[in-house]
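# Structural features, examined
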Amino acid sequence: MADRSLLDRFLCCHICSETFREPVSLGCNHSFCSSCLDNFWDQNKNKNCPVCKRKSSKGLGINYSLKELADSHAGREKAGVSREQRNDNDPKDDREIICSKHTDEPKWFCEVEQRAVCHECEFPDGHGHTVIPLQQAVKDLKEKITSDLESLQNKRTKFEDIEETYNEIVQYSKKQLGATERQIRGEFEKLHQFLREEEEARLAALREEEEEKGKMIAREMKNIQDQITSLTESITAMKHELQKQDVPFLKSYKHTQTSSRAQCTLPDPQLVSGALIDVANHLGNLQFRVWEKMQGIVKYTPVILDPNTAECRLYLSDGLTRVRHLGKKQHLPDNPERNTEHAQVLGSEGFSSGKHSWEVEVGDHPHWYIGVAEESIKRKGKAFVTPGYGVWDIQLRDHEYNAGGKTLSLERSPQRIRVQLDYDSGEVSFYDHEDMTHIYTHKHTFTEKLYPYFSNGKAGDADNRDIQICQSKVSLTVKSEQ
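Residues numbered from 1 in each chain as written. Predicted model: local features only at pLDDT ≥ 70, side-chain atom pairs only at ≥ 80, totals over all residues. Heavy atoms only, no water.

### Regarding the overall build of the protein chain
Along the protein chain, the regular secondary structure elements total 7 helices and 18 strands. Looking at the protein chain as a whole, 28% of its 482 residues are labelled buried. Pairs at least 24 residues apart make up 60% of the contacts formed inside the protein chain by residues separated by at least 6 positions. Just so you have it, the protein chain exposes about 33100 Å², and 51% of that area is on carbon and sulfur atoms. (Helix = DSSP H or I, 4+ residues; strand = E, 2+ residues; numbered from the N terminus. Buried < 20%, exposed > 50% of the residue type's maximum accessible area, 1.4 Å probe, protein only. Contact = heavy atoms within 4.5 Å. Areas by Shrake-Rupley, 256 points an atom, 1.4 Å probe, with all protein chains shown as cover.)

Take a look at the structure:
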């Protein structure tokens, strides 16, 4: 209590006997409320210290250290609680002193200067700016801040959505990596198997030729050996004749002579040609001939579907040449390339010049769209499959063929359709593959890259549940250099 009483006396103005408000300290180190000292000097017509009577002035200005201590002490006295018990979140503790002479809370707000103003010192005389009630200003500004807060929250939500999509893309990419690796290994295993089988076939052919040539040489050698044996016997017989006495010799020499002359007239032995292995036949252009033979297993499809553009209800085959409508959604990342509203998919390669063609097997599928689309087609949200939206196609829907908003009358339902794009001439044409009957031609001046376009609905009872891009024959042309 003694310490508190001492603090009260230390923070008490010697004129008003209350806790300092805007204290000033004179050169004699006595302190007073600024307003109390002004009134005292006005009444006494001098500037002497009210305590020691020494002549002084307010040259030192407000003693802010003493003011902070006095304000803190006054706040505790008013609340009647210790500093540890005080609620630091009390908005009254956050009050800012606007005016050094008037400590009341401000009630007005200047819209020009965007600050609170003292209603006694700055308003209304001489201010010249538009002011509104402080509470109204706070309400308006809080509404603006609230609006900005909502905008920031919405912006954060968008970033969070993109972050989530990227996470989905990362996870899906890992699945793509595994699946694609397996398919690549599978395709190369087919090639390896073909090459292994072809290697064995080539080696077997080499061994078979060596065996046949060996048998042929063995036959020839057998004939040669028989002739040598026969000639050896004749030579031995003739030598024996030459050893005979005259009379016996004369009796048998004609027979011996006839027999020997018959053997002498035999043709001389000759080596048969082709006894050696035909190495050139086995090694000549070996890689090319194997490559040429690979046409039987190597398939070429002029258009490959891009799975990253496929709407989530569409299922693509492993070879990316067939598309089927599943009737239910798959969990796929919403990447920018993907179509999300309509069941459609694009080809992986776009065209910005030249002539291109491909064929599509539709069979008895009841609902499909086939054609080309601009690279900039709308992939998110509602759109229409029309030239106005960057799609040039023919359609089968509700048992009716359409193209460019027109109903087409066809003599028969095409099972396979040929699409021909002449980019430079600005034409996309469709034909019935069976007899190349012309179905329809779109004409337009193309200005951006075009991609093959496919879309199909549910197959229903159709036997053909997929629409499929047809394979083309692989031809090898060898040009000799001149």
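Structure's up, so let's keep going.
### Some words on the pattern of salt bridges
On inspection of all chains with the given rule, the structure shows 21 salt bridges. Glu 187 is paired through a salt bridge with Lys 190; the nearest N and O atoms lie 3.5 Å apart. With Glu 187 and Lys 190 both in helix H4 (residues 134-242), this residue pair falls 3 residues apart, about one helical turn. Here the salt bridges do not stand alone but share partners, grouping Glu 359, Glu 361, Arg 416 and Arg 418 into one network. (Salt bridge = Lys/Arg side-chain N within 4 Å of Asp/Glu carboxyl O.)

### Looking at the sheet that holds strand E5 (residues 131-133)
The strand order across the open sheet formed by 3 strands is E4-E3-E5, and the pairing between neighbours is antiparallel. With one partner strand each, in any of the chains shown, strand E4 (115-117) and E5 form the two edges of the open sheet. The sheet shows a mean angle of 40° between the axes of neighbouring strands, direction not considered. The pairing of strand E3 (residues 108-110) with E5 spans 3 bridges and is classified as antiparallel. Within E5, the residue paired with Cys 110 across the bridge is Val 131. Running at roughly 90° to E5, H4 makes contact with E3, E4 and E5 of the sheet. (Pairing = 2+ DSSP bridges. Axes fitted to C-alpha atoms, helices over the stretch in contact; angles between N-to-C directions.)

### Structural notes on the packing of H4 against helix H5 (residues 246-264)
At a minimum axis distance of 10 Å, the contact between H4 and H5 shows a crossing angle of 155°. Taken together, the axes of H4 and H5 are roughly antiparallel relative to one another. In this structure, H4 meets H5 at a crossing whose hand is left-handed. Residue-level inspection shows Ser 230, Leu 231, Ser 234, Met 238 and Glu 241 of H4 in contact with H5, the latter providing Phe 249, Ser 252, Tyr 253, Thr 256, Ser 260 and Gln 263. (Parallel < 35°, antiparallel > 145°, perpendicular 65-115°, else oblique. Left-handed = near helix turned anticlockwise from the far one by under 90°.)

### With respect to the side chain of Thr 301
Topologically, Thr 301 is positioned in the loop between helix H7 (286-293) and strand E6 (314-316). Beyond its immediate chain neighbours, meaning those up to four positions away, Thr 301 contacts Thr 321, Ile 469, Cys 470 and Gln 471.

### Some points on the sheet that holds strand E12 (residues 400-403)
The antiparallel open sheet is built from 6 strands, whose spatial order is E8-E17-E10-E11-E12-E13. At either end of the open sheet lies a strand with only one pairing partner, and these are strand E8 (344-346) and strand E13 (406-408). Each strand of the sheet is rotated relative to its neighbour by a mean of 25°, with strand direction disregarded. Pairing analysis gives 3 bridges linking strand E11 (residues 391-397) to E12, with the strands arranged antiparallel. Residue pairing across strands places Leu 396 opposite Tyr 401, the latter belonging to E12.

### Notes on the confidence of the model for the protein chain
Confidence in the prediction of the protein chain, expressed as mean pLDDT, is 84, and 87% of residues score 70 or more. Across residues 81-95 the pLDDT falls below 50, and counting only partners more than four positions away or on other chains, this stretch makes 9 contacts in the model. (pLDDT = per-residue confidence, 0-100.)

### Quick notes on the pairing of strand E17 (residues 450-456)
Here E17 lies mainly inside the structure; 7 of its 7 residues are buried. Relative to E17, E8 runs antiparallel, the two being bridged by 3 bridges. Within E17, the position partnered with Gln 344 by the bridge is Ser 455.

### Description of H5
With 19 residues, H5 extends 25 Å from end C-alpha to end C-alpha; this agrees with the ideal 27 Å at 1.5 Å per step. Every buried residue of H5 is listed here: Ser 252, Thr 256, Ser 260 and Gln 263. Along its buried surface, H5 packs onto H4. (Expected span 1.5 Å × (residues − 1).)

### Details of unusual backbone geometry
Located in the positive-phi region is Lys 53, a residue other than glycine, with phi close to 65°. Secondary-structure assignment places Lys 53 in the loop between helix H2 (34-44) and helix H3 (64-79). One non-glycine residue, Asn 285, adopts positive backbone phi at about 50°. By the element assignment, Asn 285 lies in the loop between helix H6 (279-283) and H7.

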